[in-house]
Amino acid sequence: MEKTIAVIRGDGIGPEIVEQALRVLGRVEARFGHRFHYEDVWMGGCAIDRFGSSLPDEMLEAARRADAVLLGAVGGPKWDNVDKNNRPEKGLLRLRAGLGLYANLRPAQIFPQLASASPLREDIVARGIDFLIVRELTGGIYFGEHSTGEEGGEAVASDVLRYSEGEIRRIARQGFEAARKRRRKLCSVDKANVLDSSRLWRRIVGEMAADYPDVEVSHMYVDNCAMQIVRNPAQFDVIVTENMFGDILSDEASMITGSIGMIPSASLGEGGRGLYEPIHGSAPDIAGQDVANPVGTILSAAMLLRYSFGLGAEADAVEAAVSSVLEEGWRTADICAPGAQSVGCRRMGELIAERI
């Protein structure tokens, strides 16, 4: 198989962690007989410094030409004072919109070797943490109308939360299909006791359940879901929800797994196009020190293989290699514990690649 991957190294620790993901992908090429072509794409603060734009048009076009996009991280305090419409994060939003990426898949899974790193009680962790949050990515309040004005002599701001039936149906379909490939349980999260958009959401998901009789469907208010994630995460298989709720719940879910450095994500559109990135930020305070954890990025590369390229065995091999390295006791600084063998970013990447 020959495929092209747009590589966005980004800011802070981005270049370091991406380099290790590319190392692992190189091993996959050699082991399974594939050929991946890599095209560097500039986005974020580094693009502002070089081109004056967080995502130049030619960079967006390069990403569109690729079969998938692998991203490290963008942003940092260096660019806090640039125009708000040209912040590094705006480049990411523009990239998602430009690629038509409407579904964010973020797994919350704890490796048994890291169970002690979870902030949850031991008995809760022992029940298992292995669920997937499917978050709508291009609609809702983040993409609604925003305005700030003055009424009655005081400042007033408003943000519009809007969803169409079509937007709900396509993200719900992603949730149902994901559940079919896992344990066949789907929990739809909303705030239907308050919001009209959530009442529409709940109705549409309920209607679609008839097309998936093999999937057990439940509905949960978002505030209850936030509580249940820390009370009994083992009850969840796939959670599907709207943009803002998904943003909050997925960050909460990442923390119960022990380290934000371990969590990958995929943002998907039509036709298998996807953007793959770890969920953590650019961590400029540790950039260039060879201490960052590359596992989230490496696991994001595994998701790329599975979802955009259809290479399930290859993705399994990467994930198994990560588990093997953890089982042997190798740890980066963020997940290191007494008795473990501490290694840097580069060495962790080498160890994982060697075990594929």
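Residues numbered from 1 in each chain as written. Predicted model: local features only at pLDDT ≥ 70, side-chain atom pairs only at ≥ 80, totals over all residues. Heavy atoms only, no water.

Colleague: Quick question: what am I supposed to make of the packing of helix 1 (residues 14-32) against helix 11 (residues 312-327) here?
Modeller: A pair of packed helices is characterised by two quantities: the angle between their axes and the separation of those axes. At their nearest, the axes of helix 1 and helix 11 sit 11 Å apart, and the two run at 130° to each other. Classified by the angle their axes make, helix 1 and helix 11 are oblique. Here helix 1 and helix 11 pass one another in a crossing that is right-handed. Across the interface between the two elements, Val-24, Val-28 and Phe-32 from helix 1 touch Ala-313, Glu-314, Ala-317 and Val-318 from helix 11. Looking at the contact of helix 1 with helix 11 residue by residue, the classes come out as 6 nonpolar, no polar and 1 charged. (Axes fitted to C-alpha atoms, helices over the stretch in contact; angles between N-to-C directions. Helix = DSSP H or I, 4+ residues; strand = E, 2+ residues; numbered from the N terminus. Parallel < 35°, antiparallel > 145°, perpendicular 65-115°, else oblique. Left-handed = near helix turned anticlockwise from the far one by under 90°. Contact = heavy atoms within 4.5 Å. Nonpolar A, V, L, I, M, F, W, Y, C, P; charged D, E, K, R; others polar.)

Colleague: When you look at a nonpolar patch on the surface in this model, what are you seeing that I'm missing?
Modeller: A cluster of nonpolar residues, Leu-93, Tyr-142 and Phe-143, forms a patch on the protein surface that exposes about 250 Å² of accessible area. By relative accessible area, which is 36% here, Tyr-142 ends up partly exposed. (Patch = residues over 30% accessible without salt bridge, like charges linked within 9 Å, V, L, I, M, F, W, Y side chains within 5 Å. Areas by Shrake-Rupley, 256 points an atom, 1.4 Å probe, with all protein chains shown as cover. Salt bridge = Lys/Arg side-chain N within 4 Å of Asp/Glu carboxyl O. Buried < 20%, exposed > 50% of the residue type's maximum accessible area, 1.4 Å probe, protein only.)

Colleague: Can you walk me through the nonpolar core in this structure?
Modeller: General note: in soluble globular proteins, nonpolar side chains tend to be found buried as a group. Counting residues in each nonpolar core, the largest one holds 65 residues, and the members touching the most others are Leu-305 and Ile-352. Take this core: its biggest share by element is 8 residues, from helix 10 (residues 295-307). Formed by 20 residues, the second largest nonpolar core is a distinct cluster that contains Val-125, Phe-131, Cys-187 and Ile-239. (Core = buried A, V, L, I, M, F, W, Y, C linked by side-chain atoms within 4.5 Å.)

Colleague: How should I be thinking about the pattern of salt bridges in this particular structure?
Modeller: When their charged atoms lie close together, side chains carrying opposite charge are able to pair. For the structure on display, the rule yields 32 salt bridges. For Arg-199, the salt bridge goes to Asp-196, with nearest N and O atoms at 2.5 Å. You can see Arg-199 and its partner Asp-196 sitting in helix 7 (residues 196-208), 3 residues apart, about one turn around the helix. Since its relative accessible area comes to 37%, Arg-199 is described here as partly exposed.

Colleague: Even after reading the chapter, I still don't get the side chain of Gln-113, so can you show me in this structure?
Modeller: Tracing the backbone through its elements, the reader meets Gln-113 in the loop between strand 4 (103-109) and helix 5 (122-126). For Gln-113, a relative accessible area of 18% puts it in the buried group. A polar atom in the side chain of Gln-113 sits 3.1 Å from the side chain of Glu-327. Not counting chain neighbours up to four residues away, the residues in contact with Gln-113 comprise Ser-323, Leu-326, Glu-327 and Arg-331. (Polar contact = N/O pair within 3.5 Å; in protein donor to acceptor, adjacent residues only side chain to side chain.)

Colleague: It is not clear to me how the packing of helix 3 (residues 57-65) against helix 4 (residues 88-98) should be interpreted in this structure. Could you clarify?
Modeller: Running from N to C, helix 3 and helix 4 cross one another at 45°; their axes reach a closest spacing of 10 Å. As far as their axial angle goes, helix 4 and helix 3 are oblique. Here helix 3 and helix 4 pass one another in a crossing that is right-handed. The segment helix 3 lies against helix 4, with Asp-57, Leu-60, Ala-63 and Arg-64 engaging Arg-94, Leu-95 and Gly-98. By residue class, the composition of the contact of helix 3 with helix 4 is 3 nonpolar, 1 polar and 3 charged.

Colleague: Would you mind showing me how to read the side chain of His-34 here?
Modeller: In this structure, His-34 sits in the loop between helix 1 and strand 2 (35-40). Among the residues examined, His-34 registers a relative accessible area of 15% and is labelled buried. At 2.6 Å, the side chain of His-34 and the side chain of Glu-314 are in polar contact. Contacts of His-34, omitting those with residues within four sequence positions, involve Met-1, Glu-29, Leu-311 and Glu-314.

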